[in-house]
Amino acid sequence: MEDAGLYGDSIQGTCRFMCPEKEIDLREREELLHFLEGVKDETGRFRCVRSRVVKEYSRPAAGKEDPEPSDLRPAHVLKKTVDYLLGRVAVRTDRSWSVLYDFVFDRLRAVRQDMVIQSIGGCDGIELLEKIVRFHIYAGYRLCTQPMSVYDPQINDQHTQECLKRLITLYGVVPPDHAHQEEFESLYLMFNLGQTDALMHFYDLPKHVRELPLVGQAYRISLAHNLGNAVRSLRLMEPEKYKRYPLFVCAAHRHISNIQSKTLHVLSVGFNSKSFAYPLDKLTRLLWYTDTSQASDSCMHHGLTITEQSSILFQKTSFRYPDKVLHTHHPEIDEILSPVCLADIFLQGGATPEALEQDGIT
């Protein structure tokens with residue numbers, strides 16, 4: 001996990017709140033509070049609401065003093081913190097979700113840092129990482145159309161991968177059975193679609209895990225992709241099949257643009273002709289485009305010609321891979337996500353709003 005090995009022997013945290021008190025005092029004094037962590041008083045000065053202040057991520061640095069136990073939150077406090085971030089903050093509708101993402105991303109990074117310093121693993125580590133992975137995979141879909149100035153997909157992917165690999169490792173060392181292992185083993189395969197390491201990990205899984213329906217489906221999709229059968233892999237991952245597992249198609253979605261590009265290249269070679277035209281509506285259905293307009297834009301983006309009869313002229317000399325991959329939301333995935341409460345997606349058994357109230361988290 002991130003920052004592993006940068007600290008000495010693990011220590012046990014004693015902080016009882018989502019943020020150490022001395023950090024709260026410092027950030028309020030220096031006016032470093034996030035707007036989600038406080039309110040303005042009658043003088044117009046921004047004051048913290050202590051039940052909303054969450055520990056910031058602090059990058060390790062040479063010469064920096066090791067944290068004291070009072071700076072670190074034990075596992076049960078980290079769980080309450082994650083439930084607050086994902087059950088209260090990330091679900092708000094009064095702010096841009098990209099702004100909420102930035103705040104939650106940083107605070108979850110601090111949670112993981114506290115986990116590393118205290119060597120928190122086992123069932124506690126699994127529970128924390130499962131929720132964090134869900135957040136990052138959902139964010140990867142929801143923010144995929146945002147400009148780099150707002151959202152960096154590479155950074156989000158990096159943190160998703162780190163958390164997934166750590167989680168998968170914990171599944172292997174903590175005695176079974178794990179309630180959500182089917183979900184996350186399949187997400188690992190989909191997030192790393194077609195990657196040899198992910199496929200080899202599947203073969204190393206116990207037989208009863210390999211035979212779980214969602215894990216087996218993710219393996220079949222990944223194998224088809226690895227073998228270059230894009231059409232089969234796309235058919236197997238059609239959103240309609242995964243209404244109960246919305247994050248499964250969110251993880252798959254990150255690969256769609258690359259699958260479309262590679263398939264257009266294959267078709268440009270296989271159907272290379274100056275006269276034969278391929279029906280645009282057929283290509284739309286074949287490659288998961290939302291409509292013929294999007295399919296047409298994608299083809300032209302790859303240097304291909306669209307005829308007046310709404311067909312494509314595939315020519316290998318004209319094809320080019322675009323400098324920038326265009327990501328778009330998919331209406332069927334949006335339809336799956338829209339009726340589902342975000343807190344249910346992230347927490348799935350985590351603290352309810354009523355439980356958060358009882359813990360004094362508002």
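As the structure is a prediction and not an experimental result, all values here were calculated from the model.

Conventions we followed
- Residues numbered from 1 in each chain as written.
- Predicted model: local features only at pLDDT ≥ 70, side-chain atom pairs only at ≥ 80, totals over all residues.
- Heavy atoms only, no water.
- Core = buried A, V, L, I, M, F, W, Y, C linked by side-chain atoms within 4.5 Å.
- Buried < 20%, exposed > 50% of the residue type's maximum accessible area, 1.4 Å probe, protein only.
- Helix = DSSP H or I, 4+ residues; strand = E, 2+ residues; numbered from the N terminus.
- Contact = heavy atoms within 4.5 Å.
- Polar contact = N/O pair within 3.5 Å; in protein donor to acceptor, adjacent residues only side chain to side chain.
- Axes fitted to C-alpha atoms, helices over the stretch in contact; angles between N-to-C directions.
- Parallel < 35°, antiparallel > 145°, perpendicular 65-115°, else oblique.
- Left-handed = near helix turned anticlockwise from the far one by under 90°.
- Nonpolar A, V, L, I, M, F, W, Y, C, P; charged D, E, K, R; others polar.

Peer 1: I tried to follow the nonpolar core on my own but got confused; where do I start?
Peer 2: One recurring pattern in soluble globular proteins is that nonpolar side chains are buried together. Counting 91 residues, the largest nonpolar core has Trp-97, Met-237, Leu-283 and Phe-346 as the members making the most contacts within it. Here this core takes 10 residues from helix α4 (residues 122-142), the largest share from any one element. Look past the residues within four positions of Leu-283 in its chain and what remains in contact with it is Leu-264, Leu-267, Tyr-278, Tyr-289, Cys-299, Ile-312 and Phe-314. Membership of the second largest hydrophobic core comes to five residues, among which are Cys-19, Leu-33, Cys-48 and Val-53.

Peer 1: Please explain the environment of Thr-81 as it appears in this structure.
Peer 2: Considering the arrangement of structural elements, one finds Thr-81 in helix α2 (residues 75-89). Sequence separation between Thr-81 and Ser-70 is 11 residues, and the spatial gap between their C-alpha atoms is 16 Å. Setting aside chain neighbours within four positions, we find Thr-81 in contact with Met-18, Val-54, Arg-73 and Val-111. Here Val-77 takes part through its backbone oxygen, which lies 2.8 Å from a polar atom of the side chain of Thr-81.

Peer 1: What should I look at first to understand the side chain of Lys-55 in this one?
Peer 2: Structurally, Lys-55 can be placed in the loop between β2 (46-48) and α2. Relative accessible area serves as the criterion here: at 9%, Lys-55 is assigned to the buried category. Filtering out sequence-adjacent residues up to four positions away, Lys-55 remains in contact with Met-18, Cys-19, Pro-20, Glu-23, Asp-71, Leu-72, Arg-73, Arg-107, Ala-110 and Asp-114.

Peer 1: Looking at this structure, how should I read the packing of α4 against helix α6 (residues 181-191)?
Peer 2: Angle between the axes and distance between the axes: these two values describe a pair of packed helices. The N-to-C vectors of α4 and α6 enclose an angle of 40°; their axes lie 12 Å apart at closest approach. Accordingly, the angle class assigned to the pair α4 and α6 is oblique. The handedness of the crossing between α4 and α6 comes out as left-handed. Mapping the contact onto sequence places Glu-130, Val-133, Arg-134 and Ile-137 in α4 and Glu-183, Phe-184 and Leu-187 in α6. Broken down by class, the residue content of the contact of α4 with α6 amounts to four nonpolar, no polar and three charged.

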